[in-house]
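Remarks on the overall topology
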Amino acid sequence: MKYAYFPGCSLHSTGREYDSSFRAVCRGLGIELAEVKDWVCCGSTSARAISWRLALALPLKNVAEAEKQGLNQLIAPCAACFSRLKFALHEIGKNPRLREEMENVVEHRFGDGLHVNHPLAVLSSQDWLGHIASMGGEKLHGLKVVCYYGCLLTRPPQVTGFDDCEKPRSMDRLLGALGASVLDWGHRTDCCGASFALTRTDIVRKLSHDILERAREAGAEAIAVACPRCQLNLDSRQKEIEKEYGTGYNLPVFYFTQLMGVALRVPARELMLDRHFVDPRRALEKVGVK
Amino acid sequence: MIICSRGDDVLEFEQLEDEDVEEEALPRIRVAQRPARTLAPRGAQAEWQVPAAVSQFADLLERTSAVDINVCNQCGKCASGCPVAYAMDYTPVQLLDAVRLGLKDLVLGSATIWLCASCETCATRCPQDVDIAGAMDSLKAIALRGGVKPRVPEVASFYSSSLQNIGLFGRMYQLGVIAQLKLATRQFAKDLDLGAQMLRKGKLSLLPDFASMGRTRRLVSRTKKLERV
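Reading guide: rules and limits
Residues numbered from 1 in each chain as written. Chains lettered and ligands numbered in written order. Predicted model: local features only at pLDDT ≥ 70, side-chain atom pairs only at ≥ 80, totals over all residues. Helix = DSSP H or I, 4+ residues; strand = E, 2+ residues; numbered from the N terminus. Buried ≥ 20, exposed ≤ 12 C-beta atoms within 10 Å, placed from the backbone. Contact = placed C-beta atoms within 7 Å. Nonpolar A, V, L, I, M, F, W, Y, C, P; charged D, E, K, R; others polar. Domains from an automatic or database assignment. Expected span 1.5 Å × (residues − 1). Axes fitted to C-alpha atoms, helices over the stretch in contact; angles between N-to-C directions. Parallel < 35°, antiparallel > 145°, perpendicular 65-115°, else oblique.

So, about the overall build of chain B. When its secondary structure is counted, chain B shows eleven helices and four strands. Counting over 229 residues, chain B shows a buried share of 39%. Sequence separation of at least 24 residues holds for 62% of the intrachain contacts in chain B that already meet a minimum separation of 6.

Here it is in structure tokens:
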């Protein structure tokens, strides 16, 4: 299977380990990725706050580029990019006048078939799950982990068309298939504060604290995520949160692709675990990774 | 003109004129004439006196982003699920009500529109399928275009710095956004230690990614042209 690959800005900077581990996992599974040529930023939360049309035009520019490459399946690991791409296609899908307007803006006539996928949806599907389980064995056995999906993968469901919007389980299935003890908890889709990290850090600290607190209550030794912003907020701000609330979590925050990579024996330099703020070694030693 | 009193102050609100509103091709259910009443923000002493009037502001919102808030039935699900409601001056359900009442200055001057984290919980749970997060976006855009001073200026600066950055480089150059934000907010000491650690870990690049430099420029100017009309 060949996918047009849209990494987005975060996977080229703050979340480079997500990009690297995802590519390595795909290579191991025989999934071919063709990076969208000359891709541009999806606009994220900033474009939508300033111009509704620009917030559609930016992701659609990337859709146009993928179509020009002759691909009709696109894969976007960043939850925000995935959401913006899905939103844009959803909006032009229900409004022919807007579609025409956008075709003029991005100077491309859209085909009908481009589908935007999230890696979790692809990899947790029946097609892949059995294969991944047999390749990875029970390598993650003993790792107590909660799966944190964040906001934009599942919401709103009519746009994302992904998993259960209140209680998603795709990541649970995937890591469970690799032997991890996936714990049930109630904060799978709660917001971490997202892009307020640079401005209203107080909000990020409060919301991320609630998530860390619930994860610890559930008995987790690690958190698995699928969004570079969630990862950064929960990981890089964890020390500040511990200080503010007078507590200690020491909970490593992995991209689910890094944990898959551990199970599929991806070389450590491609997993880039040294880029984390909270040391993940203790959690990994439990599953026999030095 | 609507006159509102807030404590001892008397505030004047300008109602949108009828000619500002285009005739809709399709008939829609409209909010009927309401009795005069008061609207009190949570935890505040003030009360806004709302006279009987039908909002044209809701129509402006719909023309800006295709979000129709007239179907809101004020159930309050958006407010109860909102993770940031605790920090807002008006809860989302109150703000939608205020839009419908035509309280343009209250809405555009609120902290609520800037504190929406775009988490989409409200839009997901709304029984009337109102894209509330989308409405918050459009209200921000209307406020900025109308020259209304943002109640949470640092958030507004972040959005505009990021967008300028994307317009220039095509892809986000995080260090550039951070520098611009620091200049705008004058909070030079904020997160210096964390920033240094991120640089050391290679999480922030010193230089922008030039691969898509300028590739959004045409797109940005074409979109702007569309929105001017």
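Next comes the rest of the account.
Residues and elements named next belong to chain A. Counting buried positions along helix H9 (residues 170-177) gives six out of eight residues, so the element sits mostly inside the fold. Taken as a whole, H9 has its buried residues at Ser170, Met171, Asp172, Leu174, Leu175 and Ala177. Contacts from the buried residues of H9 go to helix H6 (119-123), helix H7 (126-136), strand E5 (144-148), strand E6 (181-182), strand E7 (222-225) and helix H13 (256-263). Just past H9, the residue Gly179 takes up positive phi, approximately 100°.

Now for the interface of chain B and chain A. Counting residues at the interface gives 48 residues for chain B, matched by 44 residues for chain A. Every element with two or more residues in the side of chain B that touches chain A is listed here: helix H1 (57-65), helix H6 (121-125), helix H7 (132-145), helix H8 (153-169), helix H9 (174-185) and helix H11 (217-228) of chain B. Looking at which element gives the most residues to the side of chain B that touches chain A, the answer is H8 of chain B, with eight residues. Of the residues that constitute the side of chain B that touches chain A, the class distribution is 22 nonpolar, 15 polar and eleven charged.

Before going further, it helps to examine the domain arrangement of chain A. Residue and element names in this part refer to chain A. Domain parsing of chain A yields domain 1 (2-119) and domain 2 (138-286). Centre-to-centre, using C-alpha coordinates, domain 1 lies 24 Å away from domain 2. Listed as interface residues are 23 residues of domain 1 and, on the opposing side, 25 residues of domain 2. For the side of domain 1 that touches domain 2, the secondary structure elements donating two or more residues are helix H1 (16-29) and helix H4 (79-94). Per-element tally for the side of domain 1 that touches domain 2: the top contributor is H1, with nine residues. Considering only residue class, the side of domain 1 that touches domain 2 consists of ten nonpolar, ten polar and three charged.

Moving on, we get to helix H10 (residues 201-217) of chain A. All names here are of chain A. A rise of 1.5 Å per residue sets the reference length of H10, with its 17 residues, at 24 Å; its end C-alpha atoms lie 24 Å apart and thus fit the reference within 8%. All of the buried residues in H10 are Ile203, Val204, Arg205, Leu207, Ser208, His209, Ile211, Leu212 and Ala215. In the core, the buried residues of H10 are packed alongside E5, E7, helix H11 (228-236) and helix H12 (238-245). Looking one or two residues beyond H10, the residue adopting positive phi is Gly219, at roughly 95°.

Residue and element names in this part refer to chain A. The N-to-C vectors of helix H3 (residues 52-68) and H4 enclose an angle of 100°; their axes lie 8 Å apart at closest approach. As summarised for this structure, H3 and H4 are arranged roughly perpendicular, according to the angle between their axes. Side by side, H3 and H4 meet where Ala55, Leu56, Pro59, Leu60, Asn62 and Val63 of the first sit next to Arg84, Leu85, Ala88, Leu89 and Glu91 of the second. Partitioned by chemical class, the residues of the contact of H3 with H4 number eight nonpolar, one polar and two charged.

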